[in-house]
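# Geometric and topological summary
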Amino acid sequence: MRQLIRGRTLSFHADPVETEDAFTYHEDGAVITHDGRIEAVGDYAALRGLGLPEIDHRPHLILPGFIDTHIHFPQVQVVASWGAQLLDWLNTYTFPEESRFAQQGHAPQMAEHFLNLLLAHGTTTAVAFCSVHPQSAEALFSAADRRNMAMIAGKVMMDRNAPEGVLDTPQQGYDDSKALIAKWHGTGRQRYAITPRFAITSTPEQMEMTGQLVREHPDCHIQTHLSENRDEIAFTLSLYPKARDYLDIYETYGLLGDKILLGHSIHLEEREIARMAETGSHPVFCPTSNLFLGSGLFDEGGLRARGISSGIATDIGGGTSYSMLQTLNEGYKILQLRGQKLHPFAAYHWATRGNARVLGMEAEIGTLAPGSMADLVVLDSRATPAMALRMERATTLAEELFILQIMGDDRSVAQTYVAGQPMLDRPPATP
Ligand code: GUN
Ligand code: ZN
């Protein structure tokens, strides 16, 4: 099926931090989709002649759907848990909540809520941690597959330092991951991420078997956590006394490379930064979580200067918003505290093409380039009275994008398309 989706289109083809010629914007633009992919993008005047059915989103912006590179699916009911930093927060709130995913029917129900929330916030692809129970990953993949949404997900492997109800064993973790990879990796738009939760919750035996999984499935992503919190780092190093530093643990078991996503990566040693750069490993910045859990201030500029490309993500439920706009808002503020400036063009690039590149998926998602999947977000810069009032004084696209970034959230998402299909029950715009 072919259709024309009309609005103000914006897509990045390069990183605005590196070049001025980084994006294409059509004030009266259109995207033509054909069987779930983008066939063309350009001026409406040039594309209208095809005589296709039209959906009119003027005056809203049409961008590639947002990509969230680090989120915890079983933490939808953990968000906003009071008063703790990482290790206490995990023990007090998070592990007990994740143990509920052992219950029959819980994971499928939460998977529907989770995907509805992502779509309501304009996120079309996420890299998700599931619980230790294989049925949590099964539920998420099935629900995403039914919606044709590209998910990258994995069940966490964890065999120590947590309650019984959220532990596996090295063999069980390996076998369950292997079975999920066989069933889901490459099925439709689903991809598997091999997921050792973090070094604290895996024995050396489990890390060894994780390395084996990675060798056996080199095209799977790997996701874990690194150097989020000072107490976490001290505990980790006490558990792996031979490691030169935290990253060295993951390196020892053969996990580093451009497939790995290292959540947080805040308190890094010089050697760790050098090895990240040499191996092409990717840190992931989780601003709302880093503020909420009091973890620290991510150094995007410092890592970039070393040639390291970072993802940006919500980290629900340490994070406090599903919105990539709100994530960019808090990211802007953290970088302010670091003396760094996140320009709005760089921000929207990051949440779309930038994250797609970190995942090695730029040909499929993250831009409006012909051939890409038609995963789109339609953004309303005047969604609230306060935004509409502020917009009266905006004269440039950059100003508008910044207002959306700082003041916007799910109320600004007028529609989200997955593979060309509108996913939200929202009325079309009235031009
Ligand atoms: N480190 C290990 N597990 C987690 C988690 O669930 N959330 C965060 N923020 N950090 C972690
Ligand atoms: Zn996390």
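Residues numbered from 1 in each chain as written. Chains lettered and ligands numbered in written order. Predicted model: local features only at pLDDT ≥ 70, side-chain atom pairs only at ≥ 80, totals over all residues. Heavy atoms only, no water.

Spelled out, the test is: UniProt positions are given in the numbering used here, feature names are shortened, and annotations may be inferred rather than shown by experiment.
As annotated in an unreviewed UniProt entry, the protein carries the name Guanine deaminase and comes from Paracoccus yeei. Looking at the Catalytic activity (unreviewed entry) heading of the UniProt record, one finds this comment for the protein: "guanine + H2O + H(+) = xanthine + NH4(+)". In UniProt, the protein has this text filed under Function (unreviewed entry): "Catalyzes the hydrolytic deamination of guanine, producing xanthine and ammonia."

## Re the overall build of the protein
To keep things clear, this is the line we draw: Per the convention used, a helix needs a DSSP run of H or I reaching at least four residues, while a strand needs a run of E reaching at least two, with both numbered from the N terminus. C-alpha atoms define the radius of gyration, and 2.2 Å times the number of residues to the power 0.38 defines the globule rule. Under the scheme applied here, a residue whose accessible area is under 20% of the maximum for its type counts as buried, over 50% as exposed, and between as partly exposed, the area being computed with a 1.4 Å probe on protein chains only. Any pair of residues with heavy atoms lying within 4.5 Å of one another is described as a contacting pair. With residues, only the protein chains shown are counted as cover, and all accessible areas are computed by Shrake-Rupley using a 1.4 Å probe. Counting rule for charge: Lys and Arg are taken as positive, Asp and Glu as negative, and neither His nor the chain ends is counted. Charge positions are represented by NZ for Lys, CZ for Arg, CG for Asp and CD for Glu.
A count of helices and strands for the protein gives 15 helices and 16 strands. In summary, the protein has a C-alpha radius of gyration of 21 Å against a globular reference of 22 Å for 431 residues, a match within 12%. Projected onto its principal axes, the C-alpha positions of the protein cover 65 × 45 × 40 Å. Out of the 431 residues in the protein, the part that is buried amounts to 61%. Residue pairs at least 24 apart in sequence account for 75% of intrachain contacts in the protein once pairs closer than 6 positions are excluded. Surface exposure of the protein reaches about 16,000 Å², of which carbon and sulfur atoms provide 52%. Taken together, the 35 basic and 52 acidic charged side chains of the protein have centroids lying 2 Å from each other.

## Quick notes on the state of the cysteines
The following threshold applies: By convention in this document, the label disulfide applies to cysteine sulfur atom pairs within 2.5 Å.
By the definition in use, this model includes 0 disulfides. Lacking any disulfide linkage, Cys 220 is separated from the closest cysteine sulfur, that of Cys 130, by 13 Å. With no disulfide of its own, Cys 286 lies 16 Å from the sulfur of Cys 130, the closest cysteine sulfur.

## With respect to the nonpolar core
The condition is simple: Side-chain atoms within 4.5 Å link the members of a nonpolar core, which is a set of buried Ala, Val, Leu, Ile, Met, Phe, Trp, Tyr and Cys residues.
Phe 114, Leu 115, Leu 118, Tyr 250, Tyr 348 and Leu 379 are the most contacted members of the largest nonpolar core, which has 105 residues in total. Examining the composition of this core, we find that 7 residues originate from one element, helix α3 (residues 106-120), more than from any other. Beyond its immediate chain neighbours, meaning those up to four positions away, Leu 115 contacts Leu 140, Ala 143, Ala 144, Arg 147, Met 149 and Met 151. Core analysis: the second largest hydrophobic core is formed by 13 residues, Ile 67, Val 127, Met 361 and Ile 365 among them.

## Let's talk about the coordination of the zinc ion (ligand 2)
Which entries qualify depends on this criterion: Ligating atoms shown are N, O and S within 2.8 Å of the metal, or 3.2 Å for Na, K and Ca, and water is not included, meaning a site may look less than complete. Angular criteria define each label, namely tetrahedral for four donors with all angles between 85 and 135 degrees, square planar for four and octahedral for six donors with opposite donors over 155 degrees apart and remaining angles between 65 and 115, and irregular for whatever fails these tests.
Around the zinc ion (ligand 2), the protein contributes the donor atoms His 70 (NE2), His 72 (NE2), His 225 (NE2) and Asp 315 (OD), at 2.0 to 2.6 Å from the metal centre. Taken together, the 4 donor atoms coordinating the zinc ion (ligand 2) span angles of 88 to 165 degrees at the metal, a pattern that classifies the geometry as irregular. Read N to C, the donor residues that coordinate the zinc ion (ligand 2) are spaced as H-x1-H-x152-H-x89-D. Taken together, the residues span a long stretch of sequence, with His 72 in strand β5 (residues 66-72) and His 225 in strand β10 (residues 221-226) at a distance of 153 residues.

## Points about the site of ligand 1
Heads up, the rule is: Being near a molecule or strand, for a residue, comes down to having at least one heavy atom within 4 Å of it. For the purposes of these results, a polar contact is taken to be a pair of N or O atoms within 3.5 Å, where, inside protein, one atom must be able to donate a hydrogen and its partner to accept one; residues adjacent in sequence count only when each atom of the pair is a side-chain atom. Both site types are read off a 1 Å grid over the protein atoms alone. A 1.4 Å probe that fits but cannot get out defines a cavity, while an open set with protein on both sides within 12 Å along at least five of seven lines defines a pocket; lining residues have an atom within 4 Å of a point. A molecule is counted as occupying a cavity or pocket when more than half of its atoms fall within 2 Å of that pocket's grid points.
The local shell around ligand 1 holds 13 residues, among which His 72, Gln 75, Arg 197, Glu 228 and Asp 315 are the closest. Arg 197 has a polar side-chain atom sitting 2.7 Å from an oxygen atom of ligand 1. Glu 228 places a polar side-chain atom, nitrogen or oxygen, 2.7 Å from a nitrogen atom of ligand 1. Considering ligand 1 on its own, with 280 Å² of exposed area, one finds that the protein chains cover 100% of that surface. Judged by the fraction of its atoms near the pocket grid, ligand 1 is located in the largest cavity. The biggest single contributor to the shell around ligand 1 is helix α2 (residues 86-99), with 3 residues.

## Some points on the sheet that holds strand β1 (residues 2-12)
Heads up, the rule is: Between any two strands, pairing holds if DSSP finds at least two bridges.
The sheet built from 7 strands is open, its strands ordered β3-β2-β1-β4-β14-β15-β16 with mixed pairing. Unpaired on one side and paired on the other, β3 (37-43) and β16 (421-422) mark the two borders of the sheet. Where strand β4 (residues 54-64) lies against strand β14 (residues 376-379), 4 bridges are found, and the strand directions are antiparallel. By the bridge assignment for β14, Leu 63 is matched with Val 377.

## Considering helix α7 (residues 230-239)
Stated precisely, the cut-off is as follows: Note that the arc is computed from the directions linking the helix axis to the C-beta atoms.
Buried residues of α7: Glu 232, Ile 233 and Thr 236, and no others. For α7, the angular spread of the buried residues around the axis is 95 degrees, confining them to a single face. Those residues of α7 that are exposed and angled more than 90 degrees off the buried face are Arg 230 and Asp 231. Each element contacted by the buried residues of α7 is listed here: α2, β10 and α8 (246-252). The opening residue of α7, the one whose side-chain oxygen lies 2.8 Å from the backbone nitrogen of Asp 231, is Asn 229.

## Let's talk about the pairing of strand β11 (residues 260-264)
Using the following cut-off: Handedness of a crossover: with both strands directed away from the viewer, a clockwise path from the first strand across the helix to the second marks it as right-handed.
The element β11 is largely enclosed, with a buried count of 5 among its 5 residues. As judged from the 5 bridges shared by β10 and β11, these two strands associate in the parallel manner. When the sheet's bridge partners are listed, His 225 is paired in β11 with Gly 263. Across 3 bridges, the pairing between β11 and strand β12 (residues 282-285) is parallel. Opposite Gly 263, over in β12, you have Val 284 as the bridge partner. As for the winding sense of the linkage, the β-α-β connection from β11 through helix α9 (residues 270-279) to β12 is right-handed.

## Points about the pairing of strand β2 (residues 23-34)
Direction of pairing for β1 relative to β2: antiparallel, over a ladder of 10 bridges. Across the sheet, the residue bridging to Leu 10 is Tyr 25, located in β2. Here β2 folds back onto β3, and the loop between the two strands holds 2 residues, one of which, Asp 35, carries a positive phi near 45 degrees.

## Observations regarding the packing of helix α12 (residues 324-337) against helix α13 (residues 344-358)
Definition in use: Here an angle of 0 to 180 degrees is reported between the N-to-C directions of two axes, which are lines fitted to C-alpha atoms, with helices fitted over the stretch in contact. Oblique is the label for any angle not under 35 degrees, not over 145, and not in the 65 to 115 range, which are roughly parallel, roughly antiparallel and roughly perpendicular in turn. In this scheme the handedness of a crossing depends on how the near helix is turned from the far one: anticlockwise by less than a right angle means left-handed, clockwise means right-handed. When residue character is reported, Ala, Val, Leu, Ile, Met, Phe, Trp, Tyr, Cys and Pro are called nonpolar, Asp, Glu, Lys and Arg charged, and the others, Gly included, polar.
Close contact between α12 and α13 brings their axes to 9 Å; oriented N to C, the two are set at 120 degrees. With respect to their mutual orientation, α12 and α13 come out oblique. In the crossing of α12 with α13, the sense of the turn from one axis to the other is right-handed. Two secondary-structure elements touch here, α12 through Met 324, Leu 325, Leu 328 and Leu 335 and α13 through Ala 347, Tyr 348, Trp 350, Ala 351 and Asn 355. Residues belonging to the contact of α12 with α13 are distributed by class as follows: 8 nonpolar, 1 polar and no charged.

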